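# Residue-level structural notes
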Amino acid sequence: MQTLTLRQRLSPARFLRGPGPEIGPVQLDRSRIFILPSSSGMLFAVVLLVMLLGAINYANNMGYMFTFLLGSMAMVSILHSYRNLAQLQFAAGRARPVFAGERAAYEIQVGNPGERTRHVIDLELPDQAPVTVDVAAGQTVSVTLYRPAVRRGRLAPGRIRVSSVYPLSLFRAWANVELDMNCLVYPQPGPPRSIPPHAVYRPNQAGDKGRGVDDFAGFRPYRPGDPPRHLFWKAVARDQALLVKQFGGDRADELWLDWNDLPDLPVEERLGQLCRWVLDADREQLRYGLRLPGTEQPISSGPVQRARCLEMLALFA
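The structure displayed is predicted, hence computed values, not measured ones. (Residues numbered from 1 in each chain as written. Predicted model: local features only at pLDDT ≥ 70, side-chain atom pairs only at ≥ 80, totals over all residues. Heavy atoms only, no water.)

### A look at the packing of helix H3 (residues 39-58) against helix H4 (residues 61-85)
Each packed pair of helices is defined by two parameters, the angle between the axes and the distance between the axes. Relative orientation of the contacting elements H3 and H4 amounts to 155 degrees, with a least axis distance of 8 Å. Relative to H4, H3 is oriented roughly antiparallel. The two elements H3 and H4 cross, and the hand of that crossing is left-handed. Touching Phe44, Leu48, Met51, Leu52, Ala55 and Ile56 of H3 are Gly63, Tyr64, Phe66, Thr67, Phe68, Leu70, Gly71 and Ala74, all from H4. Class assignment for the residues of the contact of H3 with H4 results in eleven nonpolar, three polar and no charged. (Axes fitted to C-alpha atoms, helices over the stretch in contact; angles between N-to-C directions. Helix = DSSP H or I, 4+ residues; strand = E, 2+ residues; numbered from the N terminus. Parallel < 35°, antiparallel > 145°, perpendicular 65-115°, else oblique. Left-handed = near helix turned anticlockwise from the far one by under 90°. Contact = heavy atoms within 4.5 Å. Nonpolar A, V, L, I, M, F, W, Y, C, P; charged D, E, K, R; others polar.)

This is the structure in structure tokens:
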């Protein structure tokens, strides 16, 4: 068992890719941090070699002393490069849903439980520009990393390369961190298209008690989430209480957004069109439901309904 564990820790895959997705917080210890000379370090080594050959050729004691002094400083910088990353902690933050074609944003919490500031820490996703931060002693900073959201579904950030060339840029210390997190990617909304007439019906003949759009029915106190266009701005201008206008209609429009209403479109375009209808219905503050093969979201309205319908579209298989 010990031999198998040792082979896993020394495997090339772990060296290149890291241990795989992990539930945070992830702390960098000595088994996760690797150090190699940077391009500047390789050039510095060549210069030291030339200096050493010159000192040998001319038997110059000052040349020896200066060469070995610079070499010893480079060796000591290896320890400082390692200590700059050691014990840093990484945890997953929020990843807000986006639409296909946008950039997914991943919030990463970088914590420094040590007693010294960590300088010039680079966090980088594959094929993306690195983000550089300093983390003060005992502090936690939030870093946002981006990657393109090409298709709908759940999108993981992938392997995060954490690296630093502190303090002399002669050596690069790095570690691979892959957090167990993902961003929900909604389908890309399709072009504007009329909703089929049979999808609209009006079963509620008693109105909707303030959520309709037909007849003015009075005022009520403001509640978070109320649309700005329903605010009674004249009262606001007179420094009075913040009020919201209520409307009650004789009938309330309700929609069924149905997969079968778009038989002429391929799967992804059909999902994009349903996504467009969900956004349009939500913007018009209508009550609507969504039907997909094998599943259904009952008729409702509001931000929660919008999020549930878009999630259904994003995860449709």
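### Some words on the pairing of strand E12 (residues 183-186)
The side-chain alternation of E12 yields two buried faces, one formed by Cys183 and Val185 and the other by Leu184 and Tyr186. Where strand E4 (residues 98-99) meets E12, two bridges bridge the pair, whose relative direction is parallel. Bridged to phenylalanine 99 within E12 is tyrosine 186. In the sheet, strand E9 (residues 153-155) pairs with E12 via three bridges, with the strands oriented antiparallel. (Buried < 20%, exposed > 50% of the residue type's maximum accessible area, 1.4 Å probe, protein only. Pairing = 2+ DSSP bridges.)

### What to know about the environment of tyrosine 146
Structurally, the position occupied by tyrosine 146 is in strand E8 (residues 140-148). Contact partners of tyrosine 146, with chain neighbours within four places excluded, come to Arg103, Ala104, Ala105, Leu125 and Gln128.

### With respect to the pairing of strand E3 (residues 89-92)
For strand E1 (residues 26-27) and E3, the ladder comprises two bridges, and the chain directions are antiparallel. Within the sheet, the bridge partner assigned to glutamine 27 lies in E3 and is glutamine 89. Judged from the four bridges that link them, E3 and strand E5 (residues 103-111) form a sheet pairing that is antiparallel. Within the sheet, the bridge partner assigned to alanine 92 lies in E5 and is isoleucine 108.

### Examining a nonpolar patch on the surface
Together, Leu49, Leu53 and Ile56 make up an exposed nonpolar region whose accessible area comes to about 300 Å². Among the secondary structure elements, leucine 53 is positioned in helix H3. We classify leucine 53 as exposed; its relative accessible area is 52%. (Patch = residues over 30% accessible without salt bridge, like charges linked within 9 Å, V, L, I, M, F, W, Y side chains within 5 Å. Areas by Shrake-Rupley, 256 points an atom, 1.4 Å probe, with all protein chains shown as cover. Salt bridge = Lys/Arg side-chain N within 4 Å of Asp/Glu carboxyl O.)

### Considering H4
Under the 1.5 Å per step criterion, the end-to-end length of H4 is 37 Å for 25 residues, consistent within 8% with the ideal 36 Å. Among the residues of H4, Gly63, Thr67, Leu70, Gly71, Ala74, Ser77, Ser81, Asn84 and Leu85 are the ones counted as buried. For H4, the elements touching its buried residues are H3, strand E6 (118-124), strand E10 (160-164) and strand E11 (171-177). Between the side-chain oxygen of the N-cap and the backbone nitrogen of methionine 62 there are 2.9 Å, and the N-cap of H4 in question is asparagine 60. (Expected span 1.5 Å × (residues − 1). Polar contact = N/O pair within 3.5 Å; in protein donor to acceptor, adjacent residues only side chain to side chain.)

### A word on the sheet that holds strand E2 (residues 34-37)
With antiparallel pairing, the five strands of this open sheet are ordered in space as E2-E11-E10-E6-E7. In the strand order of this sheet, the two ends are held by E2 and strand E7 (131-135), each with one partner. Within the sheet, the average angular offset between the axes of one strand and its neighbour, ignoring direction, is 30 degrees. In this structure, E10 lies alongside E11, joined through five bridges in antiparallel fashion. Note on E11: the bridge partner recorded for valine 162 is alanine 175. Across the sheet, H4 touches E2, E6, E10 and E11, and the angle it forms with E11 is around 25 degrees.

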